[in-house]
Amino acid sequence: MFENKQYLKFIEKSKKQGLDLVGVSVIQTLGSTYAKAGNLMLINSNFEFVGVFGSKHLHKQILEYAKIAFKNQKSKYFENIPKDESSGHGTSKYFLQVFLKKDDYGVLGLALKNFDKTLVRNIKNDDYEFTNRNTVTKFEDDKFYQKIKLPYSLLIFGSGAHVTSLISIANLMGWKTTIIDININKDYVSEADDIIKLEKFEDILTMDLSSYNASVILSHSPKTDDTYLKALINSNVEYIGLMGNKKKMKEKKEEFKLENDKRFFAPIGFEIGGYTHQSVALSICAQIEARKNGKI
């Protein structure tokens with residue numbers, strides 16, 4: 001529900017300004033659609049928004065519904081059905097709710113305190129519950145089920161100029177970015193969410209890495225790479241990427257017995273034919289996104 005950190009930033013900004021919110025969730029899709037079930041759009045009472053569902057017409061319609069909802073403070077179920085059946089576009093179903101600042105944003109505010117649980121909302125009467133049951137995003141029997149997740153978190157080893165583009169693209173994806181290194185040049189990593197300075201690189205071996213979903217090793221030092229890799233192998237990080245040439249990476253896989261570890265990607269990134277630091281960053285983030293979505 002909050003895998004994109006921009007939603008959390010938007011809520012915090014709106015809260016500081018004392019603004020109410022309208023949340024619109026895609027609860028079900030039939031056929032080919034731009035937005036998918038679970039996608040969220042938030043609109044504050046200044047009509048600033050985060051999240052996009054598709055066409056200009058749909059966007060305008062949603063803003064109109066939000067305007068009405070801010071006035072009558074009522075939830076709304078609606079569908080977007082293509083007028084031209086030959087267009088190939090499918091049907092989307094939406095659930096709109098109002099979250100008032102005076103109520104600490106109601107169920108939305110409570111969701112921020114119930115990460116890793118599943119929020120179940122009844123679109124008929126606004127009833128809701130939080131459950132520990134792990135379920136996929138779905139809509140059945142007038143109830144919408146959605147897992148509440150923290151923003152996807154990327155840990156980056158290295159802080160040279162080559163990581164700047166990676167941070168920028170990861171931020172665009174809405175991931176939480178953390179830089180970890182010994183000697184850190186903050187000019188290159190100023191856009192990162194967090195910075196961790198190690199006193200000595202062996203300290204990584206005793207650190208808790210359980211909050212990170214993915215990690216990339218871009219330190220360009222064989223000695224530090226091995227230490228960082230040892231720490232990551234023993235963690236639950238679901239994506240581990242290491243930069244290097246194919247021959248060296250083959251040796252690394254054999255040395256650490258990673259031939260069958262599906263978390264490990266080396267050389268890091270998809271082969272997309274580009275060699276600029278922007279292209280490399282794009283190839284890395286594309287691979288992480290594919291792993292995140294179960295495509296590789």
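These lines cover the structure that appears in this document, whether it is placed above or below.

### A short note on the overall build of the chain
Helices and strands together make up the secondary structure of the chain, namely seven helices and 15 strands. Principal axes of the C-alpha set define a box for the chain whose edges measure 60 × 45 × 35 Å. The buried share of the chain, taken over its 296 residues, is 44%. When contacts within the chain are restricted to residue pairs at least 6 apart in sequence, those whose partners lie at least 24 apart make up 55%.

### Here we look at the sheet that holds strand E7 (residues 128-131)
Ordered in space as E7-E6-E9-E8, the four strands form an open sheet in which the pairing is antiparallel. In this open sheet, the two strands that pair with only one neighbour each are E7 and strand E8 (138-140). Direction aside, neighbouring strands of the sheet carry axes that sit 20° apart on average. Summarising the sheet, E8 and strand E9 (residues 143-147) pair through three bridges and their orientation is antiparallel.

### Quick word on helix H7 (residues 277-292)
For H7, which comprises 16 residues, the first-to-last C-alpha distance of 22 Å matches the rise-based estimate of 22 Å (1.5 Å per residue) to within 8%. Among the residues making up H7, those that are buried are Ala281, Ser283, Ile284, Cys285, Gln287, Ile288 and Ala290. Among the structural elements, strand E10 (153-157), helix H4 (164-172), strand E13 (214-217), strand E14 (239-242) and strand E15 (264-265) are those in contact with the buried residues of H7. Remark: Gly294 follows H7 within two positions and exhibits a positive phi of approximately 75°.

### Some details on the environment of Met249
Structurally, Met249 is set in helix H6 (residues 246-255). On the basis of relative accessibility, which here comes to 4%, the residue Met249 falls in the buried class. Separated by 127 residues in sequence, Met249 and Asn122 place their C-alpha atoms 51 Å apart. Here Met249 is in contact with Leu242, Met243, Gly244, Ala266 and Pro267, once residues within four sequence places are set aside.

### Overview of H6
Put simply, Asn245 is the residue that caps the front of H6, since its side-chain oxygen is 3.2 Å from the backbone nitrogen of Lys247. At the exit of H6 stands Lys257, carrying a positive phi of roughly 55°.

### With respect to the pattern of salt bridges
Where charged atoms from two side chains of opposite charge come close, those side chains can pair. Applying the stated criterion to the full structure yields 14 salt bridges. In this structure, Lys15 engages Asp104 in a salt bridge whose closest nitrogen and oxygen atoms are separated by 3.5 Å. Residue Lys15 is found in helix H1 (residues 5-16), and its partner Asp104 is found in the loop between strand E5 (91-99) and helix H3 (106-111); the two are separated by 89 residues along the sequence. On the accessibility criterion, Asp104 (35% relative accessible area) is partly exposed.

### Notes on the environment of Met207
As for its position among the elements, Met207 is in the loop between strand E12 (194-197) and E13. Met207 sits 24 residues away from Ala231 along the chain, and the two C-alpha atoms are 8.2 Å apart. Setting aside residues no more than four positions away along its own chain, Met207 makes contact with Ile180, Ile196 and Leu198.

### Thoughts on the sheet that holds E14
On the basis of which strands lie adjacent, the open sheet formed by six strands has the order E12-E11-E10-E13-E14-E15 and parallel pairing. Looking at which strands have only one partner, the edges of the open sheet turn out to be E12 and E15.

### Considerations on the packing of H4 against H7
Contact geometry of H4 with H7 gives a least axis separation of 8 Å together with a crossing angle of 45°. The orientation of H4 with respect to H7, classified from their angle, is oblique. For the element pair H4 and H7, the recorded crossing hand is right-handed. Residues Ser165, Leu166, Ile169 and Ala170 of H4 form the contact with H7, whose participating residues are His277, Gln278, Ala281, Leu282, Ile284 and Cys285.

### Remarks on the pairing of E9
In summary, the side chains of a regular strand alternate between the two faces of the sheet. Burial analysis of E9 places four of its five residues in the buried class, which makes it a mostly covered element. Where strand E6 (residues 118-122) meets E9, five bridges bridge the pair, whose relative direction is antiparallel. Across the sheet, Asn122 pairs through a bridge with Lys143, a residue of E9. Counting the residues between successive antiparallel strands, the hairpin from E8 to E9 contains two residues, one of them, Asp141, with a positive phi of roughly 55°.

### Notes on a nonpolar patch on the surface
Together, Phe270, Ile272, Leu282 and Ile296 make up a nonpolar patch on the protein surface, roughly 330 Å² of accessible area in all. Along the polypeptide, Ile272 turns up in the loop between E15 and H7.

### Quick word on the packing of aromatic side chains
We describe a pair of aromatic rings using the distance from one ring centre to the other and the angle between the two ring planes. Summed over the entire model, instances satisfying the criterion amount to nine aromatic pairs. Note on Phe47 and Phe70: the rings are 5.7 Å apart at their centroids and 85° apart in plane angle, and the pair reads as edge-to-face. One end of the pair, Phe47, is in the loop between strand E2 (40-44) and strand E3 (49-50); the other, Phe70, is in helix H2 (residues 56-72), and 23 residues separate them in sequence. Given a relative accessible area of 35%, Phe47 falls into the partly exposed group. Its relative accessible area of 17% is what places Phe70 among the buried residues. A ring pair is formed by Phe78 and Tyr94, whose centres lie 5.0 Å apart and whose planes are at 15°; its orientation type is stacked. Placement of the pair is Phe78 in strand E4 (residues 76-80) and Tyr94 in strand E5, with a sequence separation of 16 residues. Of the two residues, Phe78 and Tyr94, neither departs from the other in class, the shared state being buried. Seen from the ring of Tyr145, Lys138 lies directly overhead, with NZ or CZ sitting 4.9 Å from the centre. Sitting above the plane of the Tyr152 ring, Lys292 keeps its charged end 5.7 Å from the centroid.

What counts, and where the lines are drawn
Residues numbered from 1 in each chain as written. Predicted model: local features only at pLDDT ≥ 70, side-chain atom pairs only at ≥ 80, totals over all residues. Heavy atoms only, no water. Helix = DSSP H or I, 4+ residues; strand = E, 2+ residues; numbered from the N terminus. Buried < 20%, exposed > 50% of the residue type's maximum accessible area, 1.4 Å probe, protein only. Contact = heavy atoms within 4.5 Å. Pairing = 2+ DSSP bridges. Axes fitted to C-alpha atoms, helices over the stretch in contact; angles between N-to-C directions. Expected span 1.5 Å × (residues − 1). Polar contact = N/O pair within 3.5 Å; in protein donor to acceptor, adjacent residues only side chain to side chain. Salt bridge = Lys/Arg side-chain N within 4 Å of Asp/Glu carboxyl O. Parallel < 35°, antiparallel > 145°, perpendicular 65-115°, else oblique. Left-handed = near helix turned anticlockwise from the far one by under 90°. Patch = residues over 30% accessible without salt bridge, like charges linked within 9 Å, V, L, I, M, F, W, Y side chains within 5 Å. Areas by Shrake-Rupley, 256 points an atom, 1.4 Å probe, with all protein chains shown as cover. Phe/Tyr/Trp six-rings, centres within 6.5 Å; stacked < 30°, edge-to-face > 60°. Lys NZ or Arg CZ within 6 Å of the ring centre and 35° of its normal.

These figures capture arrangement, not role.
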